[in-house]
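Observations on chain architecture
So you can see what is in the structure, the chains are spelled out below.
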Amino acid sequence: MSDELTLETVNDVLERAQFAADGLLPAIIQQWDTKEVLMLGYMNAEALTRTLTEGRVTFYSRSRQELWRKGDTSGHRQYVRTAALDCDRDALLVGVEQIGPACHTGTHSCFEVDPLVPRQGFSDD
């Protein structure tokens, strides 16, 4: 028997996931092979179910109050390769095969838009 999640087996994950009071779970999207962080989105239970059982990333839009599947309008799809809840089960890490830019601004990663220059800390400080 496969451990791959299906509509019949995903309920266990939904029960373990710790959704915030607004019903959302933050989802960090990472390129599966290079581990580059691409973006952060939010999922409700339905978006999480679709992501884990359909092989494509689905988010919940906080501004539009609706589900949206990455790439349906832009063509910049995210194919699921890995997924894991964090130790507190209140955040999700999704490893994807990114097709095209991940960011709606057209950049590869959403974190290329506003780079900061923090003071670097070192272990001997």
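Note: the structure precedes this text.
Residues numbered from 1 in each chain as written. Predicted model: local features only at pLDDT ≥ 70, side-chain atom pairs only at ≥ 80, totals over all residues. Heavy atoms only, no water.

**Let's talk about the pairing of strand β1 (residues 25–31)**
Applied cut-off: Exposed residues in this analysis have more than 50% of their type's maximum accessible area, buried residues have under 20%, and partly exposed residues fall in between, with area computed by a 1.4 Å probe over protein chains only. Note on conventions: DSSP H or I runs of at least 4 residues are helices, E runs of at least 2 residues are strands, and numbering of each starts at the N terminus. Strand pairing follows a simple DSSP-based rule, namely that at least 2 bridges must link the two strands.
Here β1 lies mainly inside the structure; five of its seven residues are buried. Pairing geometry for β1 and strand β2 (residues 37–43), over six bridges, is antiparallel. Residue pairing across strands places Pro-26 opposite Tyr-42, the latter belonging to β2. Taken together, β1 and the strand that follows it, β2, pair antiparallel across an intervening segment of five residues, in which Lys-35 is found at a positive phi of about 70°.

**Digging into helix α2 (residues 45–54)**
Along an α-helix, a turn takes 3.6 residues, which lines up residues three or four apart on a common side. For clarity, the threshold we go by: The term polar contact refers here to a pair of N or O atoms within 3.5 Å; inside protein, the definition further demands a hydrogen-donor-capable atom paired with an acceptor-capable atom, and it admits residues adjacent in sequence only when both atoms are side-chain atoms.
Among the residues of α2, those classed as buried are Ala-47, Leu-48, Thr-49, Thr-51 and Leu-52. For α2, the capping residue at the N-terminal end is Asn-44, with a side-chain oxygen 3.2 Å from the backbone nitrogen of Glu-46. Among the residues trailing α2, Gly-55 stands out with phi positive, at a value near 85°.

**Re the pattern of salt bridges**
Here is the rule we go by: Whenever a carboxyl oxygen of Asp or Glu lies within 4 Å of a side-chain nitrogen of Lys or Arg, that contact is scored as a salt bridge.
For the structure shown, the criterion picks out five salt bridges. Between Asp-72 and Arg-56 there is a salt bridge whose closest N-O contact spans 3.1 Å. Of this pair, Asp-72 sits in the loop between β4 (66–69) and β5 (78–85) while Arg-56 is found in the loop between α2 and β3 (58–61), placing the two residues 16 residues apart along the sequence. Residue Asp-72 is classed as partly exposed on the basis of its relative accessible area, which comes to 46%. Between Arg-69 and Asp-72 there is a salt bridge; the shortest N-O distance is 3.1 Å.

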